[in-house]
Amino acid sequence: MPEMTMLQAVNDALHVAMAKDDRVVLLGEDIGKKGGVFGATAGLWDKYGDLRVMDTPLSENGILGTAVGMGLYGLRPVPEIQFLDFIYPGFDQIVSEMAKFRYRSGGEYPCPCVVRSPSGGGIKGGHYHSQSAESYFIHTPGLRVVMPSTPRDAKGMLLASIFQDDPVIFLEPKALYRHGKQEVESGYFEVELGKARVVRAGDGVTVVTWGAMVPVCEAAAEKAAEKGVSVELLDLRSLLPWDADAVLASVRKTGRLVLVQEAPRTLGFASEIAATAAEKAIDSLRAPVARVSGFDTPFPYTLEHVYKPDAQRVLNAIEFVAKYD
Amino acid sequence: MAKAAGKAAARLATVDPYEVGPTGLFRLVDPDGREVAAVPPLPDGLAVRFLEAMLFQRALDQRMLNLQRQGRIGFYGTAKGQEGSTLGTGAAFEADDWVFPALREGAVALWRGMPLEAYVAQCFGNAKDPTHGRQMPCHYSDGPRHYVSLSSPIATQVTQAAGAARAVQVLGRKQVVAGYCGDGATSEGEFHAGLNFAGVWKAPVVFVCQNNQWAISVPVQKQTASETLAVKAVAYGMPGLRVDGNDVLACYVATKAAVDRARRGEGPTFVECLTYRLGGHSSSDDPTKYRDESEAKVWEARDPLLRHRAWLVGKGMWDDAREEAFLAAAGKRITDAIAAVEAAPPPATDTLFSDVYATLPPHLVDQKDRLARGEPV
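## Points about the overall build of chain B
- Looking only at helices and strands, chain B has 14 helices and seven strands in total.
- Across its three principal axes, chain B shows a C-alpha extent of roughly 80 × 50 × 40 Å.
- Look at the contacts in chain B between residues 6 or more apart in sequence, and 74% of them connect residues 24 or more apart.
- About 15,100 Å² of surface is accessible on chain B, with carbon and sulfur atoms providing 54% of the total.
- Taken as two groups, the 41 positive and 43 negative side-chain charges of chain B have centres that lie 2 Å from each other.

This is the structure in structure tokens:
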């Protein structure tokens, strides 16, 4: 099996999808000849040309609105929003349109559309190239929200997203684009949407996270193990719908829960997981639920390393809940 | 008599709406029903069908508005005064073409064959509504006839129409897409993006703007400093046509020219239909609070229905007896449709949860089950 970075895996998934089905089209800014600012669409314009790999005018509103029209008509559009921070001019098309079409039309107009966008910090981009905005989309019924953390998941979940009929916000943690390589199957395969991945099995503390925080939590879990605390680490991967069963099963086993997100704290997705644990597994909890998150501040430029949770902050939380009695 | 009319028509010049351009006004029949330019040959029966459809929509709108006043439906927006631009433009598209409507194009859905009972049931939002009571009245969707579900945010359908037209190009088909909007919509970013993308792609789409001169309470003079709305098209590299929207034949001829052009692969056109909203924005609006009723009186005299009737009568194609019979039959059809759907129960509770996703995900199964069992939810 070939080894790939996440970026190569995303690119490979797009090559596989476009070869498999003529209805798959890409559109976005700089995705054609240049192959995308990160290179995720490299080589596709050369192969498929302007009709299927469209360098669009510079308008996120236009990209998402026209992608909705393409999805309604029967294509499988995969628009790229260059940075998630730039998605807001097209927010109405996501929230009011692609998410609502199937419902409001009584099922007559499904709107398949996979909105790919690099998310989160990691490139010293200040707040307009770094934010984690997943909560806005998770709060919208009708959308699927996906954020892989490994090359294999990136490819398998992107293919699964393109070849199903619900609109998907597909968030690619840019910090992990070239984080490391992993063996990834050639050709077509899917990783099921809606299922968490057990990164590390354990029985002392459950840590739930997603995206770029996965390797941070792996490092923290390693340090915790050295201190005698066994961590079960779950990578949620799908944020809407999310795998509550996997989280609750782990919490019932460990009784201790740490939630880690890069996004700001208030009304971040960790809050929903904490509420669900309180509703459905309160009898199993033996410590307060701990959240480790970005702060309720804009994402800073120079102090990015202070803003983003690191292994030490995660370890502090693990130790706090592990010792709680 | 017929011979004399034929001679008179022969003297009239043929006018090309593309030559009239974005600051002129393309018109075939004046407000008194007199031809001012040659009416090109129309498909058999079309002219009469136009009047019938306009009369029907006027009657239907009044009945639906009455239902709202009686508390039987929750909301309604009539197309009163705009039937000419709605139907004239709508009829220019083929059955296989796609229509992305705005609020006042319900008549286009019926023209395309949407069952009247489905139209009425959508306004009741009950179990007979094909869209399960999920939207407020006048938000129709008719998939089989490519009348795409609309939303309430303004102009979102303009970019979608451009995208669907791009999809037609991608798949190498021959359809044309209609993208409707009102004068207020031309101020939205969606309008700019939609026309800009369509222009760049040379997409087979015809944008139709029903300029009824009022966006709820804001007159078009406060929307834009442009001389006309049609002139905006020039900046997007497409022709802008400006048409007398109360002249149903002019609306049809101009839009048909735009549709044919798009189907030939020559790109998009923007059609501004200058018309007037004789009623309120909706059943929730009282226009006497913000507009001078003397203005409405002027436009009542330019009623598209009166104009087209006068033209047809002059041609010997319509008379009072025929109208009386038509209206009686139309009234009965409307009464029957209301009777057939009004008594239906609300949509089944299950429909609250279905169609959010292709299949019901676990969290919605959980919420639905808790609701059914009376558990905290």
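## Here's the deal with a nonpolar patch on the surface
- On the surface, F295, L303 and V306 of chain A cluster together into a nonpolar patch covering about 270 Å² of accessible area.
- With respect to the helices, strands and loops of the structure, F295 of chain A is situated in the loop between β14 (290-292) and α11 (304-307).

## Considering the interface of chain B and chain A
- Listed as interface residues are 50 residues of chain B and, on the opposing side, 41 residues of chain A.
- Between chain B and chain A, a total of about 3,600 Å² is buried, with carbon and sulfur atoms accounting for 62% of that surface.
- Looking at the side of chain B facing chain A, the largest losses of area belong to Q160, F197 and Y357 of chain B, adding up to 18% of the total buried there.
- Linking chain B with chain A are one salt bridge.
- Between D366 of chain B and K280 of chain A there is a salt bridge; the shortest N-O distance is 2.8 Å.
- Run the count over chain B and chain A and you get 21 residue pairs in polar contact (both at pLDDT 80 or more).
- Of all the secondary-structure elements, those providing two or more residues to the side of chain B that touches chain A are β1 (98-100), α7 (156-170), α8 (189-201) and α14 (362-373) of chain B.
- With 11 residues, the single largest contributor to the side of chain B that touches chain A is α7 of chain B.
- Among the residues forming the side of chain B that touches chain A, the class breakdown is 23 nonpolar, 19 polar and eight charged.

## Quick notes on the domain arrangement of chain B
- According to the domain assignment, chain B consists of domain 1 (2-346) and domain 2 (349-377).
- For domain 1 of chain B versus domain 2 of chain B, the separation of C-alpha centres amounts to 39 Å.

## Some thoughts on the sheet that holds strand β3 (residues 205-211) of chain B
All names here are of chain B.
- The strand order across the open sheet formed by five strands is β1-β2-β3-β7-β6, and the pairing between neighbours is parallel. For this open sheet the edge positions go to β1 and β6 (240-244), each flanked by a neighbour on one side alone. Sheet twist, expressed as the mean angle between neighbouring strand axes with direction ignored, is 20°.
- Examined bridge by bridge, β6 and strand β7 (residues 269-274) share five bridges and lie parallel to one another.

## Notes on the nonpolar core
- In this structure, L236 of chain A together with F270 of chain B are the most contacted members of the largest nonpolar core, which totals 87 residues.
- It is α7 of chain B that provides the largest number of residues to this core, a total of eight residues.
- Once residues lying within four places of it in the same chain are set aside, the contact partners of F270 of chain B are F191, L195, F207, C209, L229, A230, A233, M238, P239, G240 and L241 of chain B.
- Counting 71 residues, the second largest nonpolar core, distinct from the first, contains M64, Y76, A91 and V259 of chain B.

## Considering empty space enclosed by the protein
- By the definition in use, this model includes five cavities of 30 Å³ or more.
- The volume enclosed by the largest cavity comes to roughly 70 Å³.
- For the largest cavity, the lining is made up of 13 residues, of which S132, M147, W210, A212 and E262 of chain A are closest to its centre.
- A class-by-class count of the residues in the lining of the largest cavity yields six nonpolar, five polar and two charged.
- For the lining of the largest cavity, the domains that each give at least three residues are domain 1 (3-183) and domain 2 (197-323) of chain A.
- Roughly 60 Å³ of internal volume is contained in the second largest cavity.
- Along its surface, the second largest cavity is lined by 14 residues, and Q57, G77, R104, G106 and Y119 of chain B are the ones closest to its centre.

## Focus on the packing of aromatic side chains
Residue and element names in this part refer to chain A.
- Considering all chains together, one arrives at 23 aromatic pairs over all chains under this definition.
- Plain terms: the ring middles of F91 and Y136 are 6.0 Å apart, the flat faces sit at 80° to each other, and that makes the pair edge-to-face. Residue F91 is located in helix α4 (residues 91-98), and its partner Y136 is located in helix α6 (residues 134-138); the two are separated by 45 residues in the primary sequence.
- Taking the relative accessible area as the measure of exposure, F91 reaches 25% and is therefore partly exposed.

## Points about unusual backbone geometry
- Cis geometry marks the peptide bond from L240 of chain A to P241 of chain A; its omega dihedral reads -15°.
- Tracing the sequence through the fold places P241 of chain A in the loop between β12 (238-240) and α9 (244-254).
- Its identity is not glycine, yet A155 of chain B carries a phi of approximately 75°, on the positive side.
- Take A155 of chain B: it is sitting in the loop between α6 (116-124) and α7.
- The buried category is assigned to A155 of chain B, whose relative accessible area is 1%.
- Positive phi is not limited to glycine here, since D355 of chain B has a value of about 70°.
- With respect to the helices, strands and loops of the structure, D355 of chain B is situated in the loop between α13 (320-342) and α14.

## Focus: the sheet that holds β14 of chain A
All names here are of chain A.
- With mixed pairing, the five strands of this open sheet are ordered in space as β9-β11-β10-β13-β14. The sheet is open, and its two borders are formed by β9 (197-200) and β14, each paired with just one other strand. Along the sheet, successive strands turn relative to each other by an average axial angle of 25°, direction set aside.
- Sheet topology note: the strand β10 (residues 205-209)/strand β13 (residues 257-260) ladder contains three bridges and is parallel. Its bridge partner being in β13, T206 is matched across the sheet by L257.

## Remarks on the layout of surface pockets
All names here are of chain B.
- Size it by volume and the second largest pocket reaches roughly 580 Å³.
- What lines the second largest pocket is a set of 29 residues, among which A102, L103, R104, I154 and H281 lie closest to the centre.
- The set of elements that each furnish at least two residues to the lining of the second largest pocket consists of β2 (177-182) and β4 (214-215).

## Focus on the pattern of salt bridges
- Taken as a whole and judged by the stated rule, the model has 41 salt bridges over all chains.
- In this structure, the salt-bridge partner of K253 of chain A is E232 of chain A, at a minimum N-O distance of 2.7 Å. Taken together, the positions of K253 of chain A in helix α9 and E232 of chain A in strand β11 (residues 231-235) put the pair 21 residues apart, joining distant regions of the chain.
- Classification of K253 of chain A by relative accessible area gives partly exposed; the value is 45%.
- Ionic pairing is found between D244 of chain B and R27 of chain B, a salt bridge with its closest N-O pair at 2.8 Å. Note that D244 of chain B is positioned in strand β6 and R27 of chain B in the loop between α2 (17-20) and α3 (46-69), a separation of 217 residues in sequence.
- Residue classification places D244 of chain B among the buried residues on the basis of a relative accessible area of 4%.
- A relative accessible area of 29% means that R27 of chain B is categorised as partly exposed.

## Thoughts on the domain arrangement of chain A
All names here are of chain A.
- Split into domains, chain A comes out as domain 1 (3-183) and domain 2 (197-323).
- The C-alpha centroid of domain 2 is placed 27 Å from the C-alpha centroid of domain 1.
- Tallying the contact residues gives 30 residues for domain 1 and 25 residues for domain 2.
- For the pairing of domain 1 and domain 2, the buried interface totals around 2,000 Å² over both sides, and the portion due to carbon and sulfur atoms is 57%.

Reading the values: the criteria
- Numbers given to residues run from 1 along each chain, matching the order in which its sequence is written.
- Naming scheme: in the order in which they are written, chains are lettered from A and ligands are numbered from 1.
- Local features in this predicted model are restricted to residues of pLDDT 70 or higher, and side-chain atom pairs are both shown and tallied only at a pLDDT of 80 or more, whereas totals for entire chains, interfaces and linings draw on every residue.
- Heavy atoms throughout the structure, all of them, feed into the side-chain values; hydrogens and water do not.
- A run of DSSP states H or I qualifies as a helix once it reaches four residues; a run of E qualifies as a strand once it reaches two. Both are numbered from the N-terminal end.
- By definition, residues are in contact when any of their heavy atoms lie within 4.5 Å.
- What sets the accessible areas is the Shrake-Rupley method with a 1.4 Å probe; for residues, cover comes only from the shown protein chains.
- Under this rule, positive means Lys or Arg and negative means Asp or Glu; His and the chain ends count for nothing.
- Each charge is placed at NZ for Lys, CZ for Arg, CG for Asp and CD for Glu.
- Patch construction takes residues with relative accessible area above 30% that form no salt bridge. Like charges are linked within 9 Å, and nonpolar side chains (Val, Leu, Ile, Met, Phe, Trp, Tyr) are linked within 5 Å.
- Only one rule defines a salt bridge in this text: a Lys or Arg side-chain nitrogen within 4 Å of an Asp or Glu carboxyl oxygen.
- The term buried area refers to how much accessible surface (probe radius 1.4 Å) is lost by two components on association, counted for both of them together.
- In protein, a polar contact requires one atom able to donate a hydrogen and another able to accept it; more generally it is a pair of N or O atoms within 3.5 Å, and residues adjacent in sequence count only if both atoms are side-chain atoms.
- Under this grouping Gly is polar, as are all residues other than the nonpolar Ala, Val, Leu, Ile, Met, Phe, Trp, Tyr, Cys and Pro and the charged Asp, Glu, Lys and Arg.
- Segment limits for the domains were obtained from an automatic or database-derived domain assignment.
- Whether two strands pair comes down to DSSP finding at least two bridges between them.
- For helices, the fitted axis covers only the stretch in contact; all axes are lines through C-alpha atoms, and the angles between them, taken along N-to-C directions, range from 0 to 180 degrees.
- Only buried Ala, Val, Leu, Ile, Met, Phe, Trp, Tyr and Cys residues count toward a nonpolar core, and they belong to the same one when joined by side-chain atoms within 4.5 Å.
- Note on exposure labels: buried denotes an accessible area under 20% of the residue type's maximum, exposed denotes more than 50%, and partly exposed covers the range between, all computed with a 1.4 Å probe on protein chains only.
- Only protein atoms enter the calculation, which uses a 1 Å grid: trapped sets of points that fit a 1.4 Å probe without letting it out are cavities, open sets showing protein on both sides within 12 Å along at least five of seven lines are pockets, and any residue with an atom within 4 Å of a point is a lining residue.
- Grid points are joined across faces, edges and corners, and a volume is the space filled by probe spheres set on the points.
- Two aromatic rings from Phe, Tyr or Trp, using only the six-membered ring of Trp, form a pair when their centres are within 6.5 Å; if the ring planes differ by under 30 degrees the pair is stacked, by over 60 it is edge-to-face, and anything between is tilted.

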